[in-house]
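Here is how the chains run, residue by residue.
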Amino acid sequence: MYHGNMKYHSTRNRTDFVSGPEAIIAGLAPDGGLYVPERLPAVDWRALPVTYRELVRHILGLFFPEFSQSALMRIVAGYDKFASNEIVQIQEFDDYAFLELYHGPTASFKDMALSLLPGLLRESYLLTGRDKSAFIMVATSGDTGSAALEGFAGQEGTEIMVLYPDGGVSEIQQLQMEAVRDNNAHVFAIAGNFDDAQRAVKQAFVSADIRHLAANRRKDLSSANSINIGRLVPQIVYYFYAYQRLAATGRIDEGALLDVSVPTGNFGDILAAIYAKAMGLPLGNIICASNTNKVLTDFFATGRYDSRREFAKTLSPSMDILVSSNLERYLHLLCGGDSELITDCYRSLAETGYFVWPLDFPSDLRSKHKTDPETTGLIRDAFDKYKYLIDPHTAVAYGAAELATNYCLIVSTASPYKFSDAVLAALESSDVGGDAATRTVTEPADLSTEAPAMMAETTELTAKLERLEKLADTAAPRSISSKLRDFEITPTILALEDILPMIRQCVGNSPAK
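These numbers were taken from a predicted model, which means no experiment stands behind them.

*Asks:* Explain the sheet that holds strand 9 (residues 219-223) here, please?
*Replies:* Strand pairing in a sheet relies on backbone hydrogen bonds, with the paired strands running either antiparallel or parallel. With parallel pairing, 5 strands are arranged side by side in an open sheet as 9-6-7-8-20. The two strands at the open ends of the sheet, each matched to only one other strand, are strand 9 and strand 20 (493-494). Bridge count between strand 8 (residues 185-190) and strand 20: 2 bridges; the pairing is parallel. Within strand 20, the residue paired with A189 across the bridge is I493. The strands touched by helix 8 (residues 194-206) are strand 6 (133-139), strand 7 (158-165), strand 8 and strand 9; relative to strand 6, the strand with the most contacts, the crossing angle is about 150°. Of the strands in this sheet, strand 6, strand 7, strand 8, strand 9 and strand 20 touch helix 20 (residues 499-507), which is tilted by about 165° from strand 7.

Right under this line is the structure:
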């Protein structure tokens with residue numbers, strides 16, 4: 001039962017309300033929709049705290065007023081794992097600024113929210129008095145899995161299960177995930193893509209059989225993906241912080257519009273910017289940057305969301321997604337909360353693979369996609385022009401920033417050292433194979449449930465990082481270099497039809513202690 005003053009409901013139902021802590025624990029609504037706040041709080045950005053931790057506590061308190069200040073301080077202590085007290089860093093140039101969100105323990109922007117989610121979940125359990133453990137399911141295209149494992153592995157009262165696409169993540173991303181050996185962590189590669197993993201997680205949430213089994217084992221099914229509102233809200237904070245800093249340095253005038261270019265696949269990071277603008281932050285154009293899997297670019301151009309297309313493995317794998325979950329929250333906002341329209345659209349998507357959106361999109365939402373050869377050129381261009389190293393995802397946003405009409409903030413989502421192959425190829429002008437760099441896959445090549453053991457080629461990987469350090473005259477973050485060691489990886493690869501049975505098996509294990 002709800003006891004606070006901020007209610008949450010499903011995008012597909014406006015009558016059943018829960019509290020913020022209950023929404024965090026649940027992850028996904030029972031009807032398959034995503035939890036959204038009944039309203040977005042209005043904010044005067046000039047009156048906000050100026051330090052990042054204080055700003056986080058303030059924004060979290062607006063969305064989750066049930067948490068006391070002492071609880072919020074415990075939650076924000078999740079940032080103690082960051083190597084620097086400067087949680088977010090901004091690199092300013094004459095025409096663009098880069099918002100560096102990768103200074104956390106796994107060197108990606110996912111650390112910004114997933115460092116806080118364990119605390120949010122823990123405090124939610126304390127507040128609701130639930131005597132259960134949390135079974136956290138994660139579908140990942142690379143960064144979410146490693147960041148979620150960093151936060152939840154070894155944590156009392158939780159289990160975490162991570163599904164990632166075999167061959168669809170970088171070497172370092174796989175090393176970060178497969179190196180986890182805690183008893184409460186289950187890591188599986190799947191013979192498919194991210195959308196297959198995400199679909200299985202959503203199916204598990206609404207499976208009567210799995211939910212009944214979880215209840216018998218006294219486990220709550222939850223998620224660390226951005227379908228969880230506890231993942232999304234912390235991402236709003238860094239847009240307010242960036243605006244404050246750019247205004248303070250004189251890069252933009254106070255109250256002037258700031259454009260943002262965001263590389264996105266699952267639409268969570270860009271939705272946080274859209275929410276920030278709706279709350280009162282003076283943002284101008286919000287640019288949706290996509291790679292070859294340009295389902296979002298096509299959707300905003302035509303109004304037709306069609307996932308029935310070839311899936312491409314690209315140089316920016318965290319964006320290799322054809323079904324963008326958080327788009328549902330945006331469309332819910334756009335249509336004024338018409339849950340029937342949302343339900344109809346997403347029923348059509350589930351049954352036919354597409355839907356047609358009947359409303360216009362605002363003119364300040366812009367979109368652009370970049371191919372792999374373009375991405376390679378953009379990495380090289382940023383280095384030639386600014387002597388600044390960017391990863392492939394940031395490069396896509398850098399290219400899409402050509403749509404900006406105001407000073408533009410480019411969201412930099414991962415350390416370039418997490419994608420050393422692509423960055424080295426760009427800087428050394430290696431032959432990356434042109435269009436061949438984008439490998440088109442129509443169906444998994446191998447559905448075997450067994451994979452041979454392989455020794456992580458960390459010596460070769462270390463050599464690549466050292467080569468990149470010398471070439472760019474920069475240093476790889478310790479969050480990457482300190483974790484490179486030789487160990488044997490034996491990934492368990494699940495065929496698509498085996499994913500739900502494996503989830504069922506893991507849920508049926510003894511509760512986390």
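*Asks:* Even after reading the chapter, I still don't get unusual backbone geometry, so can you show me in this structure?
*Replies:* Note on backbone geometry: most residues besides glycine have negative phi, and most peptide bonds are trans. Phi at K387 is positive, roughly 55°, even though this residue is not glycine. On the secondary structure map, K387 appears in the loop between helix 15 (372-386) and helix 16 (392-400). Of the residues examined, K387 reaches a relative accessible area of 61% and is grouped as exposed. Even without being glycine, D473 reaches a positive phi, approximately 55°.

*Asks:* I tried to follow the packing of aromatic side chains on my own but got confused; where do I start?
*Replies:* Here a ring pair, both rings aromatic, is described through the centre-centre distance and the interplanar angle of the planes. Scanning the entire structure with this criterion turns up 25 aromatic pairs. The interplanar angle of 50° and the centroid separation of 4.8 Å between the aromatic rings of F98 and Y388 together place this pair among those described as tilted. Residue F98 is found in strand 5 (residues 96-100), and its partner Y388 is found in the loop between helix 15 and helix 16; the two are separated by 290 residues along the sequence. The buried category is assigned to F98, whose relative accessible area is 0%. Y388 gets classed as buried once you look at its relative accessible area, which sits at 8%. What links up through ring pairs into an aromatic cluster is the set F267, F299, F300, Y305, Y330, Y346, F355 and F361. One Lys or Arg, K7, reaches over the ring of F17 and ends 5.2 Å from the middle of that ring. Positioned above the aromatic ring of Y354 is the side chain of R304, whose terminal nitrogen or guanidinium carbon lies 4.1 Å from the ring centre.

*Asks:* What should I look at first to understand the sheet that holds strand 15 (residues 365-369) in this one?
*Replies:* Strand order across the open sheet formed by 6 strands is 4-5-16-10-11-15, with mixed pairing between neighbours. Every other strand in the sheet has two partners, leaving strand 4 (89-92) and strand 15 as the edge strands with one partner each. This sheet shows a mean twist of 25° between the axes of neighbouring strands, independent of strand direction. Its contacts with the sheet place helix 12 (residues 295-302) against strand 11 (283-290) and strand 15, and it is angled at close to 135° to strand 15.

*Asks:* Even after reading the chapter, I still don't get the environment of L494, so can you show me in this structure?
*Replies:* Tracing the backbone shows L494 in strand 20. Here the alpha-carbon distance between L494 and A191, two residues 303 residues apart in the chain, equals 6.0 Å. Not counting the four nearest positions on each side in its chain, L494 is found in contact with L163, F188, A189, I190, A191, I499 and M502.

*Asks:* Even after reading the chapter, I still don't get the pairing of strand 6, so can you show me in this structure?
*Replies:* Two faces make up the sheet, and in a regular strand the side chains alternate between them. With respect to burial, strand 6 is a largely interior element, 7 of its 7 residues being buried. Every second residue of strand 6 is oriented toward a common face, with S133, F135, M137 and A139 on one face and A134, I136 and V138 on the other, all of them buried. As paired strands, strand 6 and strand 9 are joined by 5 bridges and run parallel to one another. When the sheet's bridge partners are listed, I136 is paired in strand 9 with S222. Note that the unit made of strand 6, helix 6 (residues 143-152) and strand 7 has a crossover that is right-handed.

*Asks:* Teacher, can you tell me more about empty space enclosed by the protein here?
*Replies:* The probe, sized like a water molecule, is rolled over the atoms to show the empty space still left. As enumerated under the stated definition, the model contains 2 cavities of 30 Å³ or more in all. Taken as a whole, the largest cavity spans an internal volume of roughly 240 Å³. In terms of lining, the largest cavity is formed by 24 residues, of which the most central are F109, K110, G265, N266 and S318. Listing elements by their share of the lining of the largest cavity, those giving two or more residues are helix 6, helix 10 (229-248) and helix 11 (268-279). Its residues placed into classes, the lining of the largest cavity shows 7 nonpolar, 13 polar and 4 charged. Here the second largest cavity is characterised by a volume of approximately 50 Å³. Lining the second largest cavity are S141, P165, G168, N193, F194, F311, K313, P317 and D320.

*Asks:* Please explain the pattern of salt bridges as it appears in this structure.
*Replies:* When the charged atoms of two side chains with opposite charge come close together, those side chains can pair. In the structure shown here, the tally under the stated rule is 26 salt bridges. K294 is the partner of D298 in a salt bridge, and the nearest nitrogen-oxygen pair spans 2.9 Å. Within the structure, one salt-bridge network assembled from shared partners comprises E171, D421, E460 and K464.

*Asks:* It is not clear to me how the side chain of N184 should be interpreted in this structure. Could you clarify?
*Replies:* Positionally, N184 belongs in the loop between helix 7 (171-178) and strand 8. Under the relative-accessibility criterion, N184 is labelled buried at 10%.

*Asks:* Explain the packing of helix 2 (residues 52-63) against helix 3 (residues 69-76) here, please?
*Replies:* Two packed helices can be described by the angle between their axes and the distance between those axes. Packing of helix 2 against helix 3 brings their axes to within 10 Å, and their N-to-C directions diverge by 125°. As judged from the angle between their axes, helix 2 and helix 3 are oblique. As for how helix 2 packs across helix 3, the hand of that crossing is right-handed. The segment helix 2 lies against helix 3, with R53, V56, R57, L60 and G61 engaging Q69, L72, M73, I75 and V76.

*Asks:* How do you make sense of the environment of A312 when you look at a structure like this?
*Replies:* Inspection of the secondary structure assignment puts A312 in strand 13 (residues 311-313). Note: C-alpha distance between A312 and F240 (72 residues apart in sequence) is 34 Å.

*Asks:* Explain helix 9 (residues 208-216) to me, please; I cannot follow it from the model alone.
*Replies:* Because the α-helix completes a turn every 3.6 residues, residues three or four places apart line up on one side. Among all positions in helix 9, only I210, L213 and A214 are buried. The arc enclosing the buried residues of helix 9, seen along the axis, measures out at 100°, which places them on a common side. Residues A208 and H212 are exposed on helix 9 and point more than 90 degrees away from its buried face. Packed against the buried residues of helix 9 are helix 8, strand 9 and helix 20. The first or second residue beyond helix 9 is R218, which carries a positive phi of 55°.

*Asks:* How should helix 7 be read in this particular structure?
*Replies:* The element helix 7 is largely enclosed, with a buried count of 7 among its 8 residues. Buried within helix 7 are the following residues: I172, Q173, Q174, L175, Q176, M177 and E178.

Criteria and cut-off values
- Residues numbered from 1 in each chain as written.
- Predicted model: local features only at pLDDT ≥ 70, side-chain atom pairs only at ≥ 80, totals over all residues.
- Heavy atoms only, no water.
- Pairing = 2+ DSSP bridges.
- Helix = DSSP H or I, 4+ residues; strand = E, 2+ residues; numbered from the N terminus.
- Contact = heavy atoms within 4.5 Å.
- Axes fitted to C-alpha atoms, helices over the stretch in contact; angles between N-to-C directions.
- Buried < 20%, exposed > 50% of the residue type's maximum accessible area, 1.4 Å probe, protein only.
- Phe/Tyr/Trp six-rings, centres within 6.5 Å; stacked < 30°, edge-to-face > 60°.
- Lys NZ or Arg CZ within 6 Å of the ring centre and 35° of its normal.
- Right-handed = clockwise from strand over helix to strand, strands pointing away.
- 1 Å grid on protein atoms, 1.4 Å probe; cavity = no way out; pocket = protein on both sides within 12 Å on 5 of 7 lines; lining within 4 Å.
- Points joined across faces, edges and corners; volume = space filled by probe spheres on them.
- Nonpolar A, V, L, I, M, F, W, Y, C, P; charged D, E, K, R; others polar.
- Salt bridge = Lys/Arg side-chain N within 4 Å of Asp/Glu carboxyl O.
- Parallel < 35°, antiparallel > 145°, perpendicular 65-115°, else oblique.
- Left-handed = near helix turned anticlockwise from the far one by under 90°.
- Arc of directions from axis to C-beta.

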